[in-house]
Amino acid sequence: MSTTTLDLPAADAHRAPAAGGALRRLAARPAALISAGVLALLVVAALAAPLLTALEGQDPHTYHDSLVDSARGGVPIGSFGGVSADHWLGVEPGTGRDLFARLLYGARISLLVAVGATAVQVAIGVAVGLAAGLGNRFVDSLLSRVTDVMVSLPMLVLGIALTAVVHPDFPRPLLLILIIGALGWGGTARIVRAQTLSLKRLDFVAAARLGGNGPWRVARRELLPSLAAPVITYAAILLPVNIVVEASLSFVGVGVKPPTPSWGQMLSNAQTWFRADPMYVLLPAGLLFVTVLAFTVLGDAVRTALDPREASRLRIGTRKERRKTSS
Amino acid sequence: MTRFVVKRLGGAVFVLLVLSALVYGLFYLAPSDPARLACGERCSPAQIAQVREQLGLDESVLTQYAQFLQGVFTGRDYSTGVSTLRCDAPCLGFSYQSDQQVTELILDRLPATASLALGAMVIWLTVGVGTGALSALRRGGLTERALTVATLAATGTPVFILGLLMLMVVCAYLQWLPFPTYVPLGEDPEQWAWNMLLPWLTLGFFESAKYARLTRASTLETLAEDHIRTFRAYGVGERAIVGRHALRGAVPPVIALSALDLGTMFGGAVLTESLFGIPGLGKTLIDGVRVIDLPVVVGVVLVIGAAVVLANVVADLLYAAADRRVVLS
């Protein structure tokens, strides 16, 4: 039994209109546009983190003892968690480290791990799915069983357990990418297998096979282009999930190691500062929430935009476009 | 039916064997030295060697795994140097770091996890299903819009964001509830419920979004069926149609998903337990990872895996029991 039913673009996506049509449909949704804008801003800010923090004149690691009130347990001095011209979003309670810088550098970790993990998941998923879809019955049933197990196992639990296996000196972001990537490829594999099976029956694939092409050539030349739409769609769904997994691992203390900042870790520390410094809770929580929400909305829009059935539907496009077609 | 159960349980055992072999193998390859960790910081090399022999760590990985499996099915003996320790089946190992049998440790932590999961289920079955039914009744209304927004916000965002906000508002600012500290049910039922209230609400509300969406979708699906049209033709009111007839369509999926979720949660609602400091399975896992107590980690992962795999079988059975049209094969 599958617990989630995903409405993914069908295997006949190779008949989808040119990418321009998909982009236009994407742009016609205000929620998608806003999400894309928010994410673009976040990505640029994360990439330019050293530049932006230099502009602020701060860095994420310097302690500022003078900015926290040691008599009151280290609460930042000043309103809103110590917001000032020097510290745009205030400072961290206890240490006085600059919050703006820490949030930005945290965004780098979050995006790096999520994008990296998604790439690993997609790579493994496509390979396994193609092999299952093109292989003989034995290969297919073996790989499908393995995929079923991967999908049903609780990722967070195994992820936490696996961090105990690796040498402490192993670079932590890379470890997170590998762990999340190795555990979360089941969904992609399922979709790629299903699409491969239905594509295999179509004439153009049969023609390529009859033309004497080997299975790998057929997979690369004929199948992969048609698989692009469903795989991109699914990757867009995976990305916010991976952001949450990284934040969760950091939250329970097995993510990136301090002093490297990460949102999940900040939220974990924030628990002792609810009353004294609410900004320290609200800033990372809000940032994580907005990021995940924007990715989710955008992923949903990508799914709709890449869906060939969507293009043929009458009620699609902007109001102006619809009027044009009806007149 | 019986064939189905036997087949699925056989599959479940196979999956667990593979999982245990993988987990065991991975941990055997791990760079940390379990003997050193078990012995403590100030152990001499001779003492470490002694512990290694006691733990059976000088054996090959296959022998160790075979011993582990033997422990699970028939129990085994551990030597602590001065005395031997009997570990009855199902023996999941012995934690030298906490000087406790892993099975005992897990059984010790299970009530906390169970209290959290069952309480949360009550909430998602009432609040979640209720909201879903209401939005199916008032299609296009405010409930439906609120539901769409809530579902969107809840899908994806981690449960600890909701939990942190709840703690901040309810405990720190309004001070309606104390910051939760776990009190066992057997010790003081009133304090137990009082302290579990916020974790229940957090996890329950978080899951409710999913159940509301599921209920709404299944109810709407039933509403489109022919027999509902007949009810309408007979002049049955909309409330009775939704409440008495259409809502039935939501029963099988809600039951099946509940079983699945409950299984996952018995495996530890890791984040909720970690946030509220509930000493359940999830917290045991995290603590085990922190001190690299590998026997505990292996044991907890296997128990969680077993819970999830079993829940899958149970969910399928319940679905078939609730919906006669489904034929198990």
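Residues numbered from 1 in each chain as written. Chains lettered and ligands numbered in written order. Predicted model: local features only at pLDDT ≥ 70, side-chain atom pairs only at ≥ 80, totals over all residues. Heavy atoms only, no water.

1. As for the overall build of chain B
- Looking only at helices and strands, chain B features 14 helices and four strands.
- Here the C-alpha coordinates of chain B stretch approximately 85 × 55 × 35 Å along the principal axes.
- Per-residue burial over chain B gives 46% buried out of 329 residues.
- For chain B, the share of sequence-separated contacts (at least 6 apart) that also reach a separation of at least 24 residues comes to 63%.
- Counting only carbon and sulfur atoms, one obtains 63% of the accessible surface of chain B, whose full area is about 16100 Å².
- Chain B carries 24 positive and 25 negative side-chain charges, and their two centres are separated by 13 Å. (Helix = DSSP H or I, 4+ residues; strand = E, 2+ residues; numbered from the N terminus. Buried < 20%, exposed > 50% of the residue type's maximum accessible area, 1.4 Å probe, protein only. Contact = heavy atoms within 4.5 Å. Areas by Shrake-Rupley, 256 points an atom, 1.4 Å probe, with all protein chains shown as cover. Lys, Arg positive; Asp, Glu negative; His and termini not counted. Charge placed at Lys NZ, Arg CZ, Asp CG, Glu CD.)

2. Concerning the overall build of chain A
- In terms of regular secondary structure, chain A is built from 14 helices and two strands.
- When burial is assessed residue by residue, chain A has 48% of its 327 residues classed as buried.
- Across chain A, the fraction of contacts at a sequence separation of at least 24, relative to all contacts at a separation of at least 6, is 75%.
- Here chain A has roughly 15400 Å² of accessible surface; of this, 65% comes from carbon and sulfur atoms.

3. Some thoughts on the pattern of salt bridges
Residues and elements named next belong to chain A.
- Tallied over the full model, the rule gives eleven salt bridges over all chains.
- Note that R102 and E92 form a salt bridge whose closest N and O atoms lie 3.4 Å from each other. With R102 in helix α4 (residues 99–134) and E92 in the loop between β2 (75–76) and α4, the pair connects residues that are ten residues apart, well separated along the chain.
- Looking at E92, the relative accessible area reads 3%, which means it is buried. (Salt bridge = Lys/Arg side-chain N within 4 Å of Asp/Glu carboxyl O.)

4. What about the UniProt feature "transmembrane region" (unreviewed entry) in chain B?
- Taking the UniProt record as the reference, the feature "transmembrane region" (unreviewed entry) is found at residues 12–30, 116–137, 149–176, 192–209, 254–276 and 296–319 of chain B.
- Annotated as 100% helix and 0% strand, the span residues 296–319 of chain B places its first and last C-alpha atoms 34 Å apart. (UniProt positions renumbered as here; feature names shortened; annotations may be inferred.)

5. A closer look at the interface of chain B and chain A
- Each partner contributes residues to the interface: chain B has 43 residues there, and chain A has 39 residues.
- A per-residue breakdown of the area chain B buries against chain A is headed by F160, L164 and M168 of chain B, which together make up 14% of the total.
- For the interface between chain B and chain A, the tally reads zero salt bridges.
- On inspection of chain B and its partner chain A, the count reaches one residue pair in polar contact (both at pLDDT 80 or more).
- Those elements that provide at least two residues to the side of chain B that touches chain A are α1 (2–29), α6 (142–154), α7 (159–173), α11 (251–266), α12 (270–276), α13 (281–290) and α14 (294–322) of chain B.
- Broken down by class, the residue content of the side of chain B that touches chain A amounts to 33 nonpolar, eight polar and two charged. (Buried area = accessible area lost by both parts, 1.4 Å probe. Polar contact = N/O pair within 3.5 Å; in protein donor to acceptor, adjacent residues only side chain to side chain. Nonpolar A, V, L, I, M, F, W, Y, C, P; charged D, E, K, R; others polar.)

6. Quick look at unusual backbone geometry
- Geometrically, the link from P258 of chain A to P259 of chain A is a cis peptide bond, its omega value of 10° lying close to zero.
- Positive phi values are uncommon outside glycine, yet Q175 of chain B reaches one of about 55°.
- Mapped onto the elements, Q175 of chain B comes out in the loop between α7 and α8 (189–223).

7. So, the side chain of T215 of chain B
- Along the chain, T215 of chain B falls in helix α8.
- Apart from the residues lying within four places of it in its own chain, the contact partners of T215 of chain B are V129, G132, A133, L247, A250 and V254 of chain B.

8. As for the nonpolar core
- One finds I160 and L288 of chain A together with F160 and L285 of chain B to be the most contacted residues of the largest nonpolar core, which totals 124 residues.
- No other element matches the twelve residues that helix α12 (residues 278–306) of chain A contributes to this core.
- For L285 of chain B, the contacting residues outside a window of four places in its chain are V157, I160 and A161 of chain A together with V297, V300 and V301 of chain B.
- Membership of the second largest hydrophobic core comes to 13 residues, among which are L130, V192, V205 and A235 of chain A. (Core = buried A, V, L, I, M, F, W, Y, C linked by side-chain atoms within 4.5 Å.)

9. Quick word on the environment of S144 of chain A
- Topologically, S144 of chain A is positioned in helix α5 (residues 137–152).
- Along the chain, S144 of chain A and F170 of chain A lie 26 residues apart, while their C-alpha atoms are 32 Å from each other.

10. As for the packing of α4 of chain A against helix α7 (residues 172–183) of chain A
Residues and elements named next belong to chain A.
- Packing of α4 against α7 brings their axes to within 8 Å, and their N-to-C directions diverge by 40°. The crossing of α4 and α7 is right-handed. Seen from α4, the contacting residues are I109, L112, V113, G116, A117, V120, Q121 and I124; seen from α7, they are P173, L176, I177, I180, G181 and A182.
- Partitioned by chemical class, the residues of the contact of α4 with α7 number eleven nonpolar, three polar and no charged. (Axes fitted to C-alpha atoms, helices over the stretch in contact; angles between N-to-C directions. Left-handed = near helix turned anticlockwise from the far one by under 90°.)

11. Examining a nonpolar patch on the surface
Residues and elements named next belong to chain B.
- Together, Y28, L29, V61 and L62 give the surface a local cluster of nonpolar side chains, amounting to about 420 Å² of exposed area.
- Every element with two or more residues in the nonpolar patch is listed here: α1 and α4 (61–74).
- Considering the arrangement of structural elements, one finds Y28 in helix α1. (Patch = residues over 30% accessible without salt bridge, like charges linked within 9 Å, V, L, I, M, F, W, Y side chains within 5 Å.)

12. Considerations on the packing of aromatic side chains
Residue and element names in this part refer to chain B.
- Applying the stated criterion to the full structure yields six aromatic pairs over all chains.
- Between Y24 and F68, the aromatic rings sit 5.1 Å apart at their centres with planes inclined by 40°, giving tilted as the arrangement. On the criterion of sequence distance, the pair formed by Y24 in helix α1 and F68 in helix α4 is long-range, its members being 44 residues apart.
- Through a chain of ring-to-ring contacts, the aromatic side chains of Y24, Y65 and F68 assemble into a single cluster. (Phe/Tyr/Trp six-rings, centres within 6.5 Å; stacked < 30°, edge-to-face > 60°.)

13. Describing the environment of R145 of chain A
- You can see R145 of chain A is positioned in helix α5.
- For R145 of chain A, a relative accessible area of 44% gives the class partly exposed.
- Remark: the alpha-carbon pair of R145 of chain A and L42 of chain A, spanning 103 residues in sequence, is separated by 39 Å.
- R145 of chain A has contacts with G11 and V15 of chain B, leaving out every residue within four places of it along the chain.

14. Details of the UniProt feature "transmembrane region" (unreviewed entry) in chain A
- According to UniProt, the positions carrying the feature "transmembrane region" (unreviewed entry) are residues 31–52, 109–134, 146–167, 173–192, 223–245 and 279–299 of chain A.
- Helix makes up 100% of residues 223–245 of chain A and strand 0%. Its end C-alpha atoms lie 31 Å apart.

15. Here's the deal with the UniProt feature "domain: ABC transmembrane type-1" (unreviewed entry) in chain A
- Under the UniProt annotation, "domain: ABC transmembrane type-1" (unreviewed entry) lies at residues 107–299 of chain A.
- What you have in residues 107–299 of chain A is 80% helix and 0% strand, and the ends, taken at the C-alpha atoms, are 19 Å apart.

16. Here we look at the environment of I77 of chain A
All names here are of chain A.
- Tracing the sequence through the fold places I77 in the loop between β2 and α4.
- The sequence separation of I77 and R97 amounts to 20 residues, and the corresponding C-alpha distance is 13 Å.
- Not counting the four nearest positions on each side in its chain, I77 is found in contact with S66, L67, V68, D69 and G82.

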